[in-house]
Amino acid sequence: MEIFLRFLEVLISGLLSGVMYSLVALGFVLIYKASGVFNFAQGAMVFFAALTTVGVTEKFGVPLWVAIPIAIVIMALLGLAIEKFVLRPLVNQPDITLFMATIGLTFFIEGLAQLVWGSTVRPLELGIPDVPIEWLLDKAGMFISFFDLVAAGICAVLVTALVLLFNKTKIGRALRAVADDHQAALSVGIPLHHVWGIVWAVAGFIALVAGLLWGSRNGVQFALTFVALKALPVLILGGFTSVPGAIVGGLIIGATEKLAEVYIGPLVGGGIEGWFPYVLALLFLLVRPEGLFGEKIIRRI
Amino acid sequence: MIYREAGQYKTTYLNDSQIFPIAQDRVAVALLLVVAFVAIPLFATPYIFSGILIPFLILALATLGLNILTGYAGQISLGTAAFMAVGAFASYNFMLRVPGMPVLLAFVLGGICAALVGILFGLPSLRIRGFYLAASTLATQFFVVWCLTKVPWFTNNSSSGVITAQQVEILGFKFETPQQKYLLVLAVVAVMALLAKNMVRSTVGRSWMAVRDMDVAAEVIGFRIMKSKLTAFAVSSFYCGVAGALYAFCYLGTVEPEAYNLDLSFRILFMVIIGGLGSILGSFLGAGFIVLLPIFLSVVVHYTGLPNSVTSNLELMVFGALIIFFLIVEPHGLARLWQIGKEKLRLWPFPH
């Protein structure tokens, strides 16, 4: 019983941290789906968003609930600017060129964020306590953080909102059309650049949510940019083009990563969380080369 | 006028299949080699050798390796630095554990170890394509560096995980000054670049390009995909492994596995893209560009007299912006600019 409870505790905390990975992966999926760009700068955007929020509260002395809308506006503007100045001139270039451009963008955003707001590590207080839930601690002796639960809740709300946006609104229909086929979408009169602008702005918003949650957990610091590297195995596991894939992939990666850390880690000297998700995703890809929910790639000669 | 093929007739098959079919190219390459081997060692200062030229040549070799994989065979890899690390640590261990091991043989064996690791991590490429493959090659990057850090045998039980590369000595001649090391690196790089140039126009090189252009079609016309892809991984990793060994033995001296991190992989990928995919010359141009750009930027920013915290971030921003700008202006890389220049020279100064 004791062993089982321990297993359950690790599993649940892994699933909950997986939700945080999904959140970052969602931003990737959104952009990849709509514009076919593998946006490596998502991690930098997460960092930029969190730093902007903290920076605004510090510089202008406004409370958090004022700073967050300001940050939303800034992130949306950043997204629009990226679309206009980086992606539009690069239309029709090979995928790898676009990918390299987003790495260049990563450097730019990282430099910009630290230039404007400084590079010290700062705490971010969202008002959600990061403490174990007492009820569970008493009844079952399990440490499950309240913060993780709230984060999972926020993520669920966000995903629901995204699904509604994609499936029930006019913009969503345009987004899906563009995702399916750029040229066909253009020919029926969908303004491609507007749609891309919207997608990047929404991705900026998701980066903000991820940045706030990750930032309040680990402090707002440069290491936030590395969450992008955490999200990549989630992506390849779930498939680049699938929103549910990002969620399920995040849960699988989160859970197995924590389990591996606890049960395999001590055997090989620890520190395996850096590569374990990648190897797991890689092995999985050998069975299903397009990820769990990715579109099946059909190639013609 | 200066650069033209007209009037250079090829009367034998041997003539037709030489590496540089045009006389001007042969002269240019010969001049370049003379400058690199004779003129530069006479005039350059130790700082130029160890600060610019040696890293440039070594990174150009690694870029060449990645270019074989990405530019010629079309497989994107983000694990270049890991293969370099394998080459470096394998060479170190061969030197350490085999008495009387010649250093050049150790480099080759290090390269072969890297090639074996490359084949192992190249196996998924038979199933996975594009960005899925790129993201999975990150597994190599993280796993190899973790392995080298965690297994004490690789670093000869060094408590800090740092190794000190052995003295480079060939036939009793010790390579100690930056100038001597430069000449050694240059010789290795020149030979391997020549090999690469020949390889990419041989059967195996053509099979890589066929796979890059469309692997299903290549399979249909009779190329063995598995062989092409795995040889690409093996050759590319071999080049990276040798570059990694040179990086440790002739440039850094003391190395930790973390020196071969993801940043280095990205830098080498930048060199490939900026230099030009699928071009040997481009590998050198790209490496030169990315090695010189930060040095140039830091000098320029230094003169503005801003505080240090501002300049380092400004450098980062300008570097990122320049890369984006460059990709927008010339997405096919510096090698393409060179091509355009040659086209222009063909008619100059009478363009009509």
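Residues numbered from 1 in each chain as written. Chains lettered and ligands numbered in written order. Predicted model: local features only at pLDDT ≥ 70, side-chain atom pairs only at ≥ 80, totals over all residues.

### Things to note about the overall build of chain A
The criterion, for reference: Put simply, DSSP H or I for four residues or longer makes a helix, DSSP E for two residues or longer makes a strand, and each gets a number counted from the N terminus. Here the radius of gyration uses the C-alpha set of atoms, whereas the globule reference equals 2.2 Å times the residue count to the power 0.38. Exposure classes come from backbone-placed C-beta atoms, where a residue is buried if 20 or more other C-beta atoms lie within 10 Å of its own, exposed if 12 or fewer do, and partly exposed in between. Whether two residues are in contact is decided by their C-beta atoms, placed from the backbone, lying within 7 Å.
Per the secondary structure count, chain A includes 13 helices and 0 strands. The secondary structure elements of chain A, listed N-terminal to C-terminal, are α-α-α-α-α-α-α-α-α-α-α-α-α. Against the globule reference of 19 Å for 301 residues, chain A gives a C-alpha radius of gyration of 20 Å, in line with a compact fold. Seen through its principal axes, chain A has C-alpha atoms that stretch 60 × 55 × 35 Å. Out of the 301 residues belonging to chain A, those deemed buried represent 47%. Taking the contacts inside chain A whose residues are at least 6 apart along the sequence as the reference set, 74% of them involve residues at least 24 apart.

### Some details on the overall build of chain B
Looking only at helices and strands, chain B has 14 helices and 4 strands in total. Radius of gyration (C-alpha) of chain B: 21 Å, near the 20 Å computed for a compact globule of 352 residues. Taken along its principal axes, the extent of the C-alpha atoms in chain B is 70 × 60 × 45 Å. Across the 352 residues that make up chain B, the buried fraction comes to 45%.

### A look at the environment of B:Met95
Residues and elements named next belong to chain B. Take Met 95: it is sitting in helix H4 (residues 80-97). With 24 C-beta atoms counted inside 10 Å, the residue Met 95 sits in the buried group. Between the alpha carbons of Met 95 and Leu 347 there is a distance of 54 Å; along the sequence they are 252 residues apart. Ignoring any residue separated from it by four or fewer positions in sequence, one finds Met 95 in contact with Met 101, Val 103, Ala 106 and Gln 166.

### Some points on the confidence of the model for chain B
Note the cut-off: pLDDT runs from 0 to 100 and stands for how confident the predictor is about each residue.
Chain-level pLDDT for chain B is 88 on average; 99% of the residues reach the 70-or-more range. Confidence metrics for the complex model read pTM 0.89 and ipTM 0.83.

### Quick notes on the interface of chain B and chain A
Selection criterion: The nonpolar class holds Ala, Val, Leu, Ile, Met, Phe, Trp, Tyr, Cys and Pro. Asp, Glu, Lys and Arg form the charged class, and all remaining residues, Gly among them, are polar.
Each partner contributes residues to the interface: chain B has 37 residues there, and chain A has 39 residues. Put simply, the parts of the chain that give the side of chain B that touches chain A at least two residues each are helix H6 (130-150), helix H9 (215-220), helix H11 (262-275) and helix H13 (308-329) of chain B. A total of 13 residues in the side of chain B that touches chain A trace back to one element, the largest contributor, which is H13(B). Here the side of chain B that touches chain A is built from residues that sort into 30 nonpolar, 5 polar and 2 charged.

### So, the nonpolar core
Most often, soluble globular proteins keep nonpolar side chains buried together rather than apart. Heads up, the condition is: Note on definitions: a nonpolar core is a set of buried residues drawn from Ala, Val, Leu, Ile, Met, Phe, Trp, Tyr and Cys, linked by C-beta atoms within 7 Å.
If you look at the biggest cluster of nonpolar residues, it comprises 204 residues, and the most contacted ones within it are A:Val46, A:Ala50, A:Val199, B:Ile58, B:Leu61, B:Ala85 and B:Leu246. When residues in this core are grouped by element, the largest group, 17 residues, is from helix H10 (residues 225-252) of chain B. For B:Ala85, the contacting residues outside a window of four places in its chain are B:Val144, B:Val145, B:Leu148, B:Gly244, B:Pro257 and B:Tyr260.

### Let's talk about helix H3 (residues 64-87) of chain A
Threshold: Working rule for helices: expected span equals 1.5 Å times residues minus one.
Taking 1.5 Å per residue as the helical rise, H3(A) with its 24 residues ought to reach 34 Å, and the 32 Å between its terminal C-alpha atoms agrees with that figure. For H3(A), the complete set of buried residues consists of A:Ala67, A:Ile68, A:Ala71, A:Met75, A:Leu78, A:Gly79, A:Ile82, A:Glu83, A:Val86 and A:Leu87. On its buried side, H3(A) packs onto helix H1 (2-35), helix H2 (42-60), helix H4 (95-117) and helix H9 (192-218) of chain A together with H13 of chain B.

### Let's talk about the confidence of the model for chain A
Chain-level pLDDT for chain A is 83 on average; 95% of the residues reach the 70-or-more range. Looking at the elements of chain A, mean pLDDT is at its lowest for helix H5 (residues 134-139) of chain A, recorded as 67, and at its highest for H3(A), recorded as 89.

### Notes on the environment of B:Asn15
All names here are of chain B. Counting through the fold element by element, Asn 15 comes out in helix H1 (residues 13-16). When the 11 C-beta atoms within 10 Å are taken as the criterion, Asn 15 is described as exposed. Spatially, the C-alpha atom of Asn 15 lies 32 Å from that of Ala 217, the residues being 202 residues apart in sequence.

### So, unusual backbone geometry
All names here are of chain B. A positive phi is found at Asn 156, a non-glycine position, where the angle reads about 55 degrees. Here Asn 156 lies in the loop between H6 and strand S1 (163-164). In this structure Asn 156 comes out as partly exposed when scored by C-beta crowding, with 13 C-beta atoms within 10 Å.

### Overview of the packing of helix H7 (residues 170-180) of chain A against H9(A)
Residue and element names in this part refer to chain A. Basically, it comes down to this: Axis angles are defined between N-to-C directions and span 0 to 180 degrees, where every axis is a line fitted to C-alpha atoms and, for a helix, only to the segment in contact. Roughly parallel means an angle under 35 degrees; roughly antiparallel, over 145; roughly perpendicular, 65 to 115; everything else is oblique.
For the pair H7 and H9, the least separation of the axes is 10 Å and the interaxial angle reads 105 degrees. The angle between H7 and H9 places the two elements in the roughly perpendicular class. Contacts from Ile 171, Ala 174, Leu 175 and Val 178 in H7 reach Leu 192, Val 195, Ile 198 and Val 199 in H9.

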